[in-house]
Amino acid sequence: MLHLPLERQLRQAVAAVLADADPALLRVRPCPDARFGDYQTNSLMGLARERKLNPRQLAADVVARLDVGEWSEPPEIAGAGFINFRLRPTAVARALQEALRGEHLFVQPAVTPRTVVVDFSSPNVAKPMHVGHIRSTILGDCLARTLRRLGHRVMTDNHLGDWGTQFGKLIVGWKRSLDAAALAQDAVGEMERLYQTVHAACETDAALLESARQELVRLQGGDAENLAIWRQMIDLSQHQFDTIYARLGVRFDHTLGESFYNPRLKTVVQELASRGIARESEGAMVVFFEDVPELKAHPAIIQKSDGAANYATTDLATLAYRLETWRPDEIVYVTDGRQQLHFKQIFAAFRRWQPQAHLQLAHVWFGSILGEDGKPFKTRSGGTVKLADLLDEAQERARRVVTEKAPALPEAERQEIARIVGLGAIKYSDLLPNRQSDYVFNWDKMLALSGNTAPYLQYAYTRIRSIFRKLPDSAPEAVHWLAQAQAQCPLAAAEELRLAKHLLNFGLVLEAVAQEYRPNYLCTYLYELAGHFTGFYETCPVLKAGEPERSSRLALCDLTARVLQDGLAVLGIETSERM
RNA sequence: GCGCCCGUAGCUCAGUCGGAUAGAGCAUCUGCCUUCUAAGCAGAGGGUCCCGCGUUCGAGUCGCGGCGGGCGCGCCA
């Protein structure tokens, strides 16, 4: 967080040299290589180019006016016009003391908190949650947690697929071949069976297909019996969703499914039609985007030729409802990449509909989950992999490892560790790759307990906690270091200083995650933090060190544990005291 | 046909928006447990960043053209 005063001073210095330079373009970032220093700015080279100035001369002029001695050694000009800063250890120590006093944990809360709606997960009623839902659920939850951690107001909303043509077939199945015992045993499995049975039969049975259509029409028309069946299907499904979300630790502020917006659909269509945004084409109501080159060939249908609305209509109604009700600054949609065109259409249609709205819209998309063969991930028999089974297997595999590595721990504790490690492994392996990459699902890699994985980070945390368990009750609290550190610089060892400096960048990384919707930045940061900690752990004895090193190192351990725990919590991953 | 994304070490992938000598994990090889948890650490080898042209002080990153792969493209969501 010491890049902040450096950046502030840089802006002042540049303003003194070039009064009209845009301060927003002036940034101080961590150096890519510690040999150059701790922080750098490369902004002056861009500035020099715009104005046809000599970049090194500009850097020299700026450095001459740069007052950063409180935090940094004298800045150095390097290369084509970089300015490098090397933090003074006393400034690092000061930031650590603030954190020990509880003033911050290396995160600066947002100066202007925003209201952000995060739309994610969105499973379908009457279907089991499967691997296809995992990325949206984990990514969306992590982004919500990141934004909250930075001090923003966040509303999570689960836009359930609880309406649509599939309910015609489901109701036919429910009425004709429902197995009550199976429903009591595994409601979602039974509903899935009903749908698949009827769907397959409709291929050859035209009369059955017609029945399904009629049941759908009755449902849409408000038929009491069909509505009751439909509501029961939602309740049974919601129970399944709640079970999974509880296991994953995912929480929604709202669960407003597609059906919630049914009463608003007609109005949306009428309004778009009357405003000339949508027009009739081949019997359907269609929004054309002649002015958007990318969408010129891709108009959006908002009402089918049979008069029914579709998902574009629902999404527009949803968007408008959220805007009216919650007044957000931003809405984030977390879905897979195949819906890119759809969201471009929705956003473009919305801009034309409500051009005055100050609302940021983000489609945060992610790649597919593939099997080892590079094709969409399936079970050996070719079915979809159910999320509950996936979580079970992760925990079971983790349990075997825990039992092998820590046989002395009581059974109940090993179970709990296996839960934390197994779920952590799944989440971390999902958040670690760039979200836009296709994700190759691999049990061994996911649950590998070495390398850049959740267990490695969780293990680093337990090693720290283990030190504190060994602390005699009479030992001074870590905060006692405060008094000692006033007079002397305790961060003498290179490993200590490196670890301490890395702690400072926690907030910077969280901001990057929120800015680009990329949790993998946080994964990388935490992995580096754990790496710096183990480097420190190997070379710097803590409990056996004399004072003041001992207190200083205890403080460093305490802060590292807190950042690790907090960072993992932002990823939605728990920590354990022992492993 | 058009659009979006991808192509980086043997394998799986990062690369913070154009910055400095391109990084990590796995795998391979060499060391390190009488010492706060070895689920660990230290070190080594390994590269035509798909190809070509361009933009500029500087390109894995931007533009154009190819090659290869994935996905999408009016009444499913």
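Asks: Tell me about the overall build of chain A, residues and numbers included.
Replies: Per the secondary structure count, chain A includes 22 helices and 13 strands. Counting over 579 residues, chain A shows a buried share of 52%. Partitioning the contacts of chain A with sequence separation of at least 6, the portion at a separation of at least 24 is 73%. For chain A, the exposed surface amounts to about 26,500 Å²; the carbon and sulfur share of it is 51%.

Asks: Which residues make up the packing of aromatic side chains, and what values go with them?
Replies: A full pass over the atoms with the stated rule returns 17 aromatic pairs. Relative to phenylalanine 441, the ring of phenylalanine 377 has its centre 4.4 Å away and its plane inclined at 25°; by these criteria the two rings are stacked. A residue pair is termed long-range when its members are at least 10 positions apart, and phenylalanine 377 in the loop between strand E12 (369-370) and helix H14 (387-405) and phenylalanine 441 in the loop between strand E13 (439-440) and helix H16 (443-446) qualify at 64 residues. With respect to class, phenylalanine 377 is no different from phenylalanine 441; both count as buried.

Asks: I'd like a description of the packing of helix H9 (residues 206-220) against helix H10 (residues 224-248), backed by residues and values.
Replies: Running from N to C, H9 and H10 cross one another at 90°; their axes reach a closest spacing of 8 Å. What the angle tells us is that H9 and H10 run roughly perpendicular. Across the interface between the two elements, Glu215, Arg218 and Leu219 from H9 touch Asn226, Leu227 and Trp230 from H10. Along the lines of polarity and charge, the residues of the contact of H9 with H10 split into 3 nonpolar, 1 polar and 2 charged.

Asks: Tell me what's going on with the protein's contact with RNA strand B, and back it up with residues and numbers.
Replies: Close to RNA strand B lie 61 residues; Arg27, Lys304, Ser437, Lys445 and Ser466 are nearest. Sugar and phosphate atoms form 55% of the subset of RNA strand B atoms that lie within 4 Å of the protein. At a separation of 2.8 Å, a phosphate oxygen of RNA strand B approaches a polar side-chain atom of tyrosine 456. A distance of 3.0 Å separates a base nitrogen of RNA strand B from a polar atom in the backbone of cysteine 540. Contributions of two or more residues to the surface near RNA strand B are made by helix H2 (43-50), strand E4 (82-85), helix H13 (340-353), H14, helix H17 (454-469), helix H20 (506-516) and helix H21 (520-539). Among the residues making up the surface near RNA strand B, the classes are represented as 26 nonpolar, 17 polar and 18 charged.

Asks: Summarise the sheet that holds strand E9 (residues 300-303); cite the residues concerned and give the values.
Replies: Reading across the sheet, the 3 strands line up as E7-E8-E9 and stay open at both edges, with antiparallel pairing between neighbours. Where the open sheet ends on each side, the last strands, each with one partner, are strand E7 (278-281) and E9. Neighbour-to-neighbour, the strand axes of this sheet turn through a mean angle of 45°, independent of strand direction. In terms of strand pairing, E7 meets strand E8 (residues 284-287) through 4 bridges, oriented antiparallel. Bridge pairing in E8 links glutamate 280 to methionine 285.

Asks: An account of the sheet that holds strand E6 (residues 153-157) is requested, with residue identities and associated values reported.
Replies: Read across the open sheet, the 4 strands follow the order E6-E5-E10-E11; overall the sheet is parallel. Either end of the sheet is taken by a strand with one partner, and the two such strands are E6 and strand E11 (360-366). Going across the sheet, the axis of each strand differs from the next one's by a mean of 20°, ignoring polarity. Both strand E5 (residues 115-119) and E6 contribute to a ladder of 5 bridges, which runs parallel. The partner of threonine 115 across the bridge, within E6, is arginine 153. Sheet strands touched by H13: strand E10 (330-336) and E11. Its angle to E11, the strand with the most contacts, is close to 175°.

Procedures and definitions
- In this convention, every chain numbers its residues from 1, walking through the sequence in written order.
- To label them, take the chains in the order written and letter them from A, then take the ligands in the order written and number them from 1.
- Totals for whole chains, interfaces and linings use all residues, but because this is a predicted model, local features are given only for residues with pLDDT of at least 70 and pairs of side-chain atoms are given and counted only at 80 or more.
- Based on all heavy atoms of the structure, the side-chain values leave hydrogens and waters out of the count.
- What counts as a helix is a DSSP run of H or I of at least four residues, what counts as a strand is a run of E of at least two, and both are numbered from the N terminus.
- Using a 1.4 Å probe on the protein chains alone, a residue whose accessible area is under 20% of its type maximum counts as buried, one over 50% counts as exposed, and one in between counts as partly exposed.
- In what follows, residue pairs with any heavy atoms lying within 4.5 Å of each other are defined as contacts.
- Areas reported as accessible are Shrake-Rupley estimates using a 1.4 Å probe. Residue values count occlusion only from the protein chains shown.
- Pairing of aromatic rings covers Phe, Tyr and Trp, the last counted by its six-membered ring, and requires centre-to-centre distances within 6.5 Å; plane angles under 30 degrees mean stacked, over 60 mean edge-to-face, and any other angle means tilted.
- Only the stretch in contact is used when fitting a helix axis, every axis being a line fitted to C-alpha atoms; angles between N-to-C directions are given from 0 to 180 degrees.
- Put simply, angles under 35 degrees are roughly parallel, angles over 145 are roughly antiparallel, angles from 65 to 115 are roughly perpendicular, and the rest are oblique.
- Put simply, Ala, Val, Leu, Ile, Met, Phe, Trp, Tyr, Cys and Pro go in the nonpolar bin, Asp, Glu, Lys and Arg in the charged bin, and everything else, Gly too, in the polar bin.
- We call a residue near a given molecule or strand whenever any one of its heavy atoms falls within 4 Å of it.
- Pairing of N or O atoms within 3.5 Å defines a polar contact, subject to two protein rules: one partner must be a possible hydrogen donor and the other a possible acceptor, and residues neighboring in sequence count only if both atoms are side-chain atoms.
- Pairing between two strands requires that DSSP report at least two bridges joining them.

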